[in-house]
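Examination of the molecular architecture
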Amino acid sequence: MCNFARSNPPQPYYELYVYGEEKSNKPNYVKFLNGSLDFHLHTSEPSEPTHTIYIPPASSEQYMRLESDGHLRVYEWKYKWEVSADVLTGSSGDCGYPLVCGKYSICSNGQCSCPGSSSSTFRYFRQVKEKYPNLGCAEITPLGCSTSKYQSFVELEDVAYFTLNSSIANTDVNKCKSGCLKDCSCKAAIFRRGWGSEVFSLMDHDSEQRHYNSTVYLKVQKNTIKSPAFIN
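Here's what I pulled together on the structure shown here. (Residues numbered from 1 in each chain as written. Predicted model: local features only at pLDDT ≥ 70, side-chain atom pairs only at ≥ 80, totals over all residues. Heavy atoms only, no water.)

1. Overview of helix 1 (residues 173-182)
Three or more residues of helix 1 are buried, namely Cys176, Gly179 and Cys180. Down the axis of helix 1, the buried side of the element spans an arc of 100 degrees, and every buried residue falls inside it. Looking at helix 1, the residues exposed on the side facing more than 90 degrees away from the buried face are Asn174, Lys175 and Lys182. (Buried < 20%, exposed > 50% of the residue type's maximum accessible area, 1.4 Å probe, protein only. Helix = DSSP H or I, 4+ residues; strand = E, 2+ residues; numbered from the N terminus. Arc of directions from axis to C-beta.)

Structure, rendered in structure tokens:
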């Protein structure tokens with residue numbers, strides 16, 4: 001089971017791998033029951049499901065809906081329709097969703113902020129609307145293919161990205177960054193899993209909890225006419 005953010009190419013934000021012996025030639029299917037979401041892959045009823053996601057049992061009517069923010073929510077009637085379960089939300093919470101903080105923004109405990117700079121002097125990103133940080137951040141100077149020689153990176157330690165697709169393997173930080181600089185469509189190098197052509201929400205990364213390090217290098221444009229904005 002995979003859920004994708006709309007991009008080119010599509011980027012998966014939720015992946016569930018289920019393995020099992022093929023016991024039926026009937027189509028695979030998922031069944032929403034009272035208290036569970038059952039996956040029947042290579043099996044069919046009355047066999048046990050291959051995988052089950054447990055949901056709070058219903059005390060009244062329920063329905064499930066995949067919503068525009070990427071959440072798969074279960075609603076239950078309690079004098080009004082209320083959310084009783086958020087099926088796909090894992091250990092990263094809301095920060096694991098592609099557009100929870102808009103593009104180029106970092107999500108930390110549900111709070112959104114624009115990336116800083118490896119230098120304390122300049123900033124390369126600003127909020128789209130200061131009163132609405134969840135709308136994301138924008139480049140102060142947009143990237144341009146014709147000015148690629150004036151591009152560099154803003155390093156973000158202990159920051160991760162929601163997708164885990166790898167562009168290159170068996171590499172190091174410098175080769176990862178070099179590959180991104182040479183590719184005009186690349187907007188960020190993520191040293192763990194490659195690079196991406198579109199940057200949605202980033203998230204804080206706890207290396208002790210997750211047992212691996214993650215660093216994001218956002219490609220930025222050094223304007224050859226005007227200097228980047230100074231931080232007050």
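Once you've had a look at it, read on.
2. A word on the packing of aromatic side chains
Following the criterion strictly, the structure yields five aromatic pairs and no others. Centroid distance Trp77 to Trp81: 5.4 Å. Interplanar angle 70 degrees. Geometry classified as edge-to-face. Given a relative accessible area of 38%, Trp77 falls into the partly exposed group. Relative to Tyr217, the ring of Phe153 lies with its centre 6.3 Å away and its plane at 80 degrees, an arrangement referred to as edge-to-face. Of this pair, Phe153 sits in strand 14 (residues 151-157) while Tyr217 sits in strand 19 (residues 215-221), and the two are 64 residues apart along the sequence. (Phe/Tyr/Trp six-rings, centres within 6.5 Å; stacked < 30°, edge-to-face > 60°.)

3. Describing the sheet that holds strand 5 (residues 51-54)
Taken in spatial order, the three strands make up an open sheet running 3-4-5, and their pairing is antiparallel. Each edge of the open sheet is held by one strand with a lone partner, namely strand 3 (29-33) and strand 5. Neighbour-to-neighbour, the strand axes of the sheet open up by a mean angle of 15 degrees, direction not taken into account. Looking at chain direction, strand 4 (residues 36-40) and strand 5 are connected through four bridges and run antiparallel. The partner of Ser36 across the bridge, within strand 5, is Tyr54. (Pairing = 2+ DSSP bridges. Axes fitted to C-alpha atoms, helices over the stretch in contact; angles between N-to-C directions.)

4. A look at the nonpolar core
Among the nonpolar cores identified, the biggest contains 17 residues, and Phe125, Leu156, Leu202, Val216 and Leu218 are the most heavily contacted of them. Looking at this core, the elements that each hand over two or more residues are strand 14, strand 15 (159-161), strand 16 (188-191) and strand 19. Broken down by element, the residue count for this core peaks at three residues, all from strand 19. Setting aside residues no more than four positions away along its own chain, Leu202 makes contact with Ser105, Ile106, Cys107, Leu156, Val159, Ala160, Tyr161, Val216 and Leu218. (Core = buried A, V, L, I, M, F, W, Y, C linked by side-chain atoms within 4.5 Å. Contact = heavy atoms within 4.5 Å.)

5. Quick word on the pairing of strand 4
Burial analysis of strand 4 places five of its five residues in the buried class, which makes it a mostly covered element. Of the two faces of strand 4, the one carrying Ser36, Asp38 and His40 and the one carrying Leu37 and Phe39 are both buried. Bridge count for strand 3 against strand 4 is five bridges, and the pairing is antiparallel. Bridging from a neighbouring strand, Leu33 pairs with Ser36 of strand 4. Connecting the antiparallel pair strand 3 and strand 4 is a turn made up of two residues, with Gly35 showing a positive phi of about 100 degrees.

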